[in-house]
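Breakdown of the fold
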Amino acid sequence: MEEGAAIVAAAQRDKQRQKMPFRLADWHSRYLQQARWTEPLRAHLFSRVGIGAARRILEVGCGTGAVLASIPGAENPRSLVGLDIDLERLRLAQSTAPAAGCLCGDALRLPFSGGSFDVVYSHFLFLWVGDPAAAAREMARVARRGGWVLALAEPDYGGRIDFPPALETAGRMQTESLRRQGADPDIGRRLAGLLSAAGLRILECGVLGAQADPGGAGSAGAELEQRVLRNDLGETIAESEWQSYLDADRRARESGSRILYVPTFYAAGLVP
Ligand SMILES: C[S@@+](CC[C@H](N)C(=O)[O-])C[C@H]1O[C@@H](n2cnc3c(N)ncnc32)[C@H](O)[C@@H]1O
């Protein structure tokens, strides 16, 4: 194939891929990408709460196991549990995190008695639960006295920066789409208050560093970001608008000026 024809074919393939709906494997890729963003924070907080010595650990809303599989020292005899409301994701979690026991359940009614765990954590969960105050209370209830509740990452799209300005509209549309999907896109700023209201003593809270690699044009990270956005926007964006967005995004990445920043909050609470 000539070079020009090859470029056109590659562009068409990209276009097709952008349109394809997100499937389980795509979600797993997305969760792995997000888990990479929070790796330094997790290392810090897990070390602070002494997770290596913890015997009973629970992830609420474990999805496909992207974080669950990374819990350090999983070879020690201990109880590591992942809970999620979505059975399909949970089945994948059982294979990505074979050391964990995976359980289908609701964060709003955790199927454990009080004080069952040393560490209870979540990662990009509160955004989706509908009643985040109830989820925080449940996590606090099932953690033992002197144990920990860690809300490791919750975004706040209200503080989003899309740059250059040509990319702002699609960003705002994505935030509205999340709202329509039932998410609370501004949950991040409320996180520490939610844990505190659940009776936890906040020992540390803040916003993740913003050092994320924006990804060069055509990189796997950039493509995944575009696909998540395309999936969220669905039919709300016309194909011509979408193509303009992709062009502007590519040009910004090529020139090194692209910024996509969504503040991501965390909070660590001790059970008094
Ligand atoms: C964005 S994903 C994050 C998955 C995983 N924590 C990670 O970071 O890779 C949010 C997960 O929360 C789950 N979830 C949403 N509402 C839930 C609820 N009420 N109870 C349990 N899980 C829930 C979803 O099914 C989904 O797997």
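Residues numbered from 1 in each chain as written. Predicted model: local features only at pLDDT ≥ 70, side-chain atom pairs only at ≥ 80, totals over all residues. Heavy atoms only, no water.

1. Considerations on the packing of aromatic side chains
For the structure shown, the criterion picks out 5 aromatic pairs. Judged by centre distance (4.9 Å) and plane angle (85 degrees), the ring pair of Phe 112 and Phe 117 falls under edge-to-face. The same class applies to Phe 112 and to Phe 117, which are both buried. Here a set of aromatic residues connected by ring pairs shows up, and it is made of Phe 22, Trp 27 and Tyr 31. (Phe/Tyr/Trp six-rings, centres within 6.5 Å; stacked < 30°, edge-to-face > 60°. Buried < 20%, exposed > 50% of the residue type's maximum accessible area, 1.4 Å probe, protein only.)

2. Observations regarding the pairing of strand 1 (residues 56-60)
Of all 5 residues in strand 1, 4 are buried, a share of seventy percent or more. Bridging between strand 1 and strand 2 (residues 79-84) involves 5 bridges; their strand directions are parallel. Bridge pairing links Val 60 to Leu 83 in strand 2. When strand 1 meets strand 4 (residues 117-122), the two strands line up parallel, connected through 3 bridges. Paired with Leu 58 across the strands is Val 120, a residue of strand 4. (Helix = DSSP H or I, 4+ residues; strand = E, 2+ residues; numbered from the N terminus. Pairing = 2+ DSSP bridges.)

3. Let's talk about the pattern of salt bridges
Pairs can form between side chains of opposite charge once their charged atoms are near each other. Inspection of the entire model under this criterion finds 20 salt bridges. Arg 144 is the salt-bridge partner of Asp 118, the closest N and O atoms lying 2.6 Å from each other. With a gap of 26 residues between them, Asp 118 in strand 4 and Arg 144 in strand 5 (residues 143-155) connect regions that are remote in the sequence. For Asp 249, the salt bridge identified is with Arg 253, shortest N-O distance 3.0 Å. Here Asp 249 and its partner Arg 253 are both found in helix 9 (residues 239-254), 4 residues apart, which amounts to about one turn of the helix. Assigned by exposure class, Asp 249 and Arg 253 land together as buried. Each member of the salt-bridge network shares a partner with another, and the members are Arg 160, Asp 162, Asp 249, Arg 253 and Arg 258. (Salt bridge = Lys/Arg side-chain N within 4 Å of Asp/Glu carboxyl O.)

Remember that the coordinates give geometry; whether it matters functionally is a separate question.
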